[in-house]
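For reference, the chains in residue letters:
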Amino acid sequence: MPDLSPTELSSSQRPVKTLEDLFERIRAYYPQADLSIIQKAYEFSENAHEGQIRRSGEPYISHPLSVAAILADYRLDLDSIATGLLHDTVEDTHATLEDIKREFGPTIANLVDGVTKISQIKFKNSIEKQGENIRKMIVAMGKDVRVVLVKLADRLHNMRTLQFMQFEKQSRIAMETLEIYAPLAGRIGINSLKTELEDLCFRYYRPDMYYQLMQKIKKTEAETNRYIDDVKQTVAKSLEKTGIKFEIYGRSKHLWSIYRKMQARNIDYEQVFDVLAFRVIVNSVSECYEVLGHIHSLWKPIPGRFKDFIAMPKANNYQSLHTTLIGPGGDRIEIQIRTREMNLIAERGIAAHWRYKERGEITEETSQQANWLRDLVTWHQTVRNPEEFLDTVKTEMMESEIYVFTPNGDVKEFPEGSTPVDFAYSVHTDLGNKCVGARINGKIVPLKYVLQNGDTVEIITSKTQEPSKDWLKFVKTNKAKSKIRLFVKEEQRRRSLILGKDLVEKEFRKFGAAAVRYLKGEAFETYLKDEGLGSIDEMYIKIGYGKLEPKNLIERLLPKNSEKVEPKTDDVSFMEKVMKNATQKTRKSHSLVAVDGMSDVLIHFAKCCNPIPGDSIVGFISRGRGVSIHRSDCSKAFELDQMRKVDVGWNSGNTAAGQERIVRLKIVSHDVPGLLKSMSETFAVQGINIQSANIRTTKDKKAVCHFEISVKDSSQLNQAIFELQKIKGILGVSREMH
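Residues numbered from 1 in each chain as written. Predicted model: local features only at pLDDT ≥ 70, side-chain atom pairs only at ≥ 80, totals over all residues. Heavy atoms only, no water.

**Quick notes on unusual backbone geometry**
Next up, step 1: Positive phi, close to 55°, is recorded for asparagine 441, a residue that is not glycine.
Next up, step 2: When you line up the elements, asparagine 441 lands in the loop between strand S9 (435-440) and strand S10 (443-445).
Next up, step 3: Positive phi outside glycine occurs at asparagine 610, with the angle close to 50°.
Next up, step 4: Tracing the chain through its elements places asparagine 610 in the loop between strand S13 (603-605) and strand S14 (617-622). (Helix = DSSP H or I, 4+ residues; strand = E, 2+ residues; numbered from the N terminus.)

In structure tokens, the structure reads:
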């Protein structure tokens, strides 16, 4: 396979109009390719999509053709490019997977299936649908890594043409891309694709800030280019004396990176000094360190800003030397030094290792890069809740930044903010379960200690220690979270089994009967079958959780003429007290929510997310408070015991009419006169009462307004948000968690 240019990808920006254009790109790196499979895939896709038009007005075939061209730019094999041409046929046309398999074989059929969204299943909400689609993609990626490359090429072209979508969809798609697909590209090391996705997301997610930043950069463009040329010439003069063959490039950092620095430091663009990045490409590792010495002799390096990713590569195999210096004029500049091969891997990640004749198996060369993927596939098998799985994926996609050492000197990489508990679980589950503290660089620290770069970590254990649910509040890695949740769930199941058994025995004693006599035989087996229970323990657990009532057992198993023995006050079951109390309170409150299988149950709205009618909701049985109602996307709901989850829905009956809920809105705007009046009038027009308002101004002349308002349902709220966003001067409107 020929060497690739060290410069970043640019050809993928040029549009591909015809099949011959695509052939030209493939022949550029694979001259001997038999392109008959590509022609066949193009013709199949063109026929399948016949009559379909994109929102841009172009024939639909222009999209799969562009996706295939992006894959060709990454020099992928012919099966991947054919998949790019076919990727939407099963999802958007009458073509089936059987048709693809018959015409193109099982490999391409599996790839197409991997990138096809789930469309046949009805989901409760969009978050559940998104979670299951991501789950499907992750599983397919575990079988063939090329699935993710096709999916990213598809998303990249969709983002490049997002201007033709409606405003609401632009924002939603940009957010999804920013949370999942851009980090995914970074996770597999394709930085060129990651940065382009981030800038495109920035354009549609925060268009106000995007165009403001673009204008500011354009004003200083000429001056910036002169500065870049000066630095390049200075470095070149110094290195030419050494005889080292090198190439040097300079550019401004991409927009999203600059914006994130501004947000993190709460500063304006003019105060961001390290916006320029330079890259020196050499032929060997030894030359990398030699060049570093020469550059440090030209300008003073900033302490603590040197990173050696050659000695300690990132999890995605990224290697480079990074140093930040005080450059000409006192400005900060970042210089990256790497070999040609390192640069190729940095820009193209897993795709850089690809050979156009290879299949999709994970090779030894890319196995380390795919370790996180194997973990995701494992978590998919243990995390059944789609919302929780989606949260797991988003967290896992975050790039690791912290490097720590084991007592033996081995290097481990963790997300920023990780703790000794994360470290312990990364070594072994038993070590995490028994972890009581740690020695960091020889000093004893608590479990909540935040690991720092370069720490040497030694875990302290105790035989009597057990994981705590509170650990979920500070651990960062998904491996630690999943192991803690598993232990807590098993412990709760054990306690529920004991509680359920106790409740059943007490219920039978009320009738003067022994439970052991009736919990066997044909009648009991029929009861278990009718309730969908696999064993007596499963019955006890469900009763302990409150999902079944012991009195149902009595009705089914005891003779009809059995008389109830008057119980003592302390023998009344806990669940009877809860349900009786809940019923009385609910009848007075006319509940907004109906609980599946339970009538007149006490409802408690969680303060963490404060759901309103129209929101997608979930319910959890809680002791003393009936059923606690959360929004489906509430992060707190992920931490609750999923075995206590019950089906709930908004009550559409007359009892729910006229009730309003309090919602908090955050509105960011320019600090201009009359804006508060306009916002108040908008609320009034929508029939919304303002309960309270809090307004403050920031140093950058922005106004941040917090409103508490009464709304009937999510439709009224969404309409109000839509109208508020039309007001000139308002930068953003968002619903706040409590």
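What follows picks up the thread again.
**Regarding the nonpolar core**
Side chains that are nonpolar tend, in soluble globular proteins, to be buried together.
Next up, step 1: Core analysis: the biggest nonpolar cluster contains 100 residues, and Leu22, Ile26, Ile38 and Val280 have the highest contact counts within it.
Next up, step 2: Setting aside chain neighbours within four positions, we find isoleucine 38 in contact with Leu19, Leu22, Phe23, Ile26, Leu78, Ile81, Ala82 and Leu85.
Next up, step 3: Listed in part, the 22 residues of the second largest apolar core include Val404, Val421, Tyr425 and Val475. (Core = buried A, V, L, I, M, F, W, Y, C linked by side-chain atoms within 4.5 Å. Buried < 20%, exposed > 50% of the residue type's maximum accessible area, 1.4 Å probe, protein only. Contact = heavy atoms within 4.5 Å.)

**Overview of the sheet that holds S14**
Next up, step 1: Sheet architecture is open: four strands sit in the order S13-S15-S14-S16, paired in mixed fashion. A strand with exactly one partner marks an edge of an open sheet, and here the two such strands are S13 and strand S16 (645-646).
Next up, step 2: Relative to strand S15 (residues 626-631), S13 runs parallel, the two being bridged by three bridges. Note on S15: the bridge partner recorded for phenylalanine 605 is isoleucine 629. (Pairing = 2+ DSSP bridges.)

**Quick word on the sheet that holds strand S11 (residues 457-461)**
Strand pairing within a sheet occurs via backbone hydrogen bonds; the two strands may be parallel or antiparallel.
Next up, step 1: Ordered in space as S10-S9-S11, the three strands form an open sheet in which the pairing is antiparallel. In this open sheet, the two strands that pair with only one neighbour each are S10 and S11. Averaged over all adjacent pairs, the angle separating strand axes in this sheet is 35°, with direction ignored.
Next up, step 2: Here five bridges tie S9 to S11, and the two strands are oriented antiparallel to one another. Its bridge partner lying in S11, arginine 439 is registered against glutamate 458. (Axes fitted to C-alpha atoms, helices over the stretch in contact; angles between N-to-C directions.)

**Examining the side chain of arginine 661**
Next up, step 1: Residue position: arginine 661 is located in strand S18 (residues 661-670).
Next up, step 2: Buried within the structure, arginine 661 lacks any salt-bridge partner; its nearest side chain of opposite charge belongs to aspartate 615, at an N-O separation of 8.0 Å.
Next up, step 3: Looking at arginine 661, its side chain comes within polar contact range of the main-chain oxygen of proline 611, at 3.2 Å.
Next up, step 4: When residues no more than four places from it in sequence are discounted, the contact partners of arginine 661 are Leu592, Phe605, Asn610, Pro611, Ile612, Pro613, Ile709, Ser710 and Val711. (Lys, Arg positive; Asp, Glu negative; His and termini not counted. Salt bridge = Lys/Arg side-chain N within 4 Å of Asp/Glu carboxyl O. Polar contact = N/O pair within 3.5 Å; in protein donor to acceptor, adjacent residues only side chain to side chain.)

**Considerations on the side chain of glutamate 491**
Next up, step 1: Of note, glutamate 491 is situated in helix H22 (residues 478-509).
Next up, step 2: Here glutamate 491 falls in the buried class, since its relative accessible area comes to 16%.

**Description of the packing of aromatic side chains**
Next up, step 1: Scanning the model with the defined rule gives 13 aromatic pairs in all.
Next up, step 2: On the numbers, 5.5 Å between centres and 85° between planes, the contact of phenylalanine 202 with tyrosine 210 is edge-to-face. The exposure classification of phenylalanine 202 matches that of tyrosine 210, with both residues buried.
Next up, step 3: Stacked on the ring of phenylalanine 104, the Lys or Arg lysine 40 has its end atom at 5.3 Å from the ring centre.
Next up, step 4: The ring of phenylalanine 605 is capped by arginine 661, whose NZ or CZ atom sits 3.9 Å from the centre of that ring. (Phe/Tyr/Trp six-rings, centres within 6.5 Å; stacked < 30°, edge-to-face > 60°. Lys NZ or Arg CZ within 6 Å of the ring centre and 35° of its normal.)

**Some details on the pairing of strand S5 (residues 321-326)**
Next up, step 1: Counting buried residues in S5 gives five out of six residues, a clear majority hidden from the surface.
Next up, step 2: Relative to S5, strand S3 (residues 300-301) runs antiparallel, the two sharing two bridges. Bridging across to S5, proline 301 finds its partner in leucine 325.
Next up, step 3: For strand S4 (residues 307-308) and S5, the ladder comprises two bridges, and the chain directions are antiparallel. Across the sheet, aspartate 308 pairs through a bridge with leucine 321, a residue of S5.
Next up, step 4: Between the antiparallel neighbours S5 and strand S6 (residues 332-339) lie five residues, among them glycine 329 with a positive phi of about 75°.

**Describing the pairing of strand S7 (residues 402-405)**
Next up, step 1: Inspection of the sheet shows S7 paired to strand S8 (residues 411-414) by four bridges, in the antiparallel sense. Paired with valine 404 across the two strands is lysine 412, which belongs to S8.
Next up, step 2: Counting the residues in the hairpin turn of S7 and S8 gives five residues, including glycine 409, whose phi is positive at 95°.

**Describing the packing of helix H11 (residues 191-205) against helix H14 (residues 255-265)**
Next up, step 1: At a closest axis distance of 8 Å, the pairing of H11 and H14 adopts a crossing angle of 65°. Side by side, H11 and H14 meet where Glu198, Asp199 and Phe202 of the first sit next to Leu255, Trp256 and Tyr259 of the second.
Next up, step 2: Class assignment of the residues belonging to the contact of H11 with H14 gives a composition of four nonpolar, no polar and two charged. (Nonpolar A, V, L, I, M, F, W, Y, C, P; charged D, E, K, R; others polar.)

**Here we look at the pattern of salt bridges**
Next up, step 1: Within this structure, the stated rule accounts for 21 salt bridges.
Next up, step 2: In this structure, the salt-bridge partner of lysine 40 is glutamate 103, at a minimum N-O distance of 3.5 Å. You can see lysine 40 sitting in helix H2 (residues 36-48) and its partner glutamate 103 sitting in helix H6 (residues 97-104), a full 63 residues away along the chain.
Next up, step 3: Since its relative accessible area comes to 34%, lysine 40 is described here as partly exposed.
Next up, step 4: We note a salt bridge from arginine 495 to glutamate 491, for which the minimum N-O separation is 3.3 Å. Of the two residues, arginine 495 and glutamate 491 both sit in helix H22, four residues apart, roughly one turn of that helix.
Next up, step 5: Via salt bridges that share partners, Lys40, Asp99, Arg102 and Glu103 belong to a single interconnected network.

**Focus on helix H3 (residues 62-73)**
Next up, step 1: Between its first and last C-alpha, H3 extends 16 Å over 12 residues, near the 16 Å set by a 1.5 Å rise per residue.
Next up, step 2: Burial runs high along H3: 12 of the 12 residues are buried.
Next up, step 3: Looking at the buried positions of H3, the neighbouring elements they touch are helix H1 (19-27), H2, helix H4 (78-86), helix H9 (146-160) and helix H16 (340-348).
Next up, step 4: Within two residues after H3, arginine 75 carries a phi angle of roughly 60°, on the positive side. (Expected span 1.5 Å × (residues − 1).)

**Considering helix H25 (residues 536-545)**
Think of an α-helix as 3.6 residues a turn; residues three or four steps apart then line up on the same face.
Next up, step 1: Every buried residue belonging to H25 is among Met539, Tyr540, Ile541, Ile543, Gly544 and Tyr545, and all of these are buried.
Next up, step 2: Packed against the buried residues of H25 are H22, helix H24 (521-530), helix H26 (550-557) and S14.
Next up, step 3: Count one or two residues on from H25 and you reach glycine 546, which has phi positive near 90°.

**A look at the environment of alanine 48**
Next up, step 1: With respect to the helices and strands, alanine 48 occurs in helix H2.
Next up, step 2: Spatially, the C-alpha atom of alanine 48 lies 9.5 Å from that of aspartate 88, the residues being 40 residues apart in sequence.
Next up, step 3: Not counting chain neighbours up to four residues away, the residues in contact with alanine 48 comprise Thr89 and Thr93.

No statement about biological role is implied by the geometric values presented.
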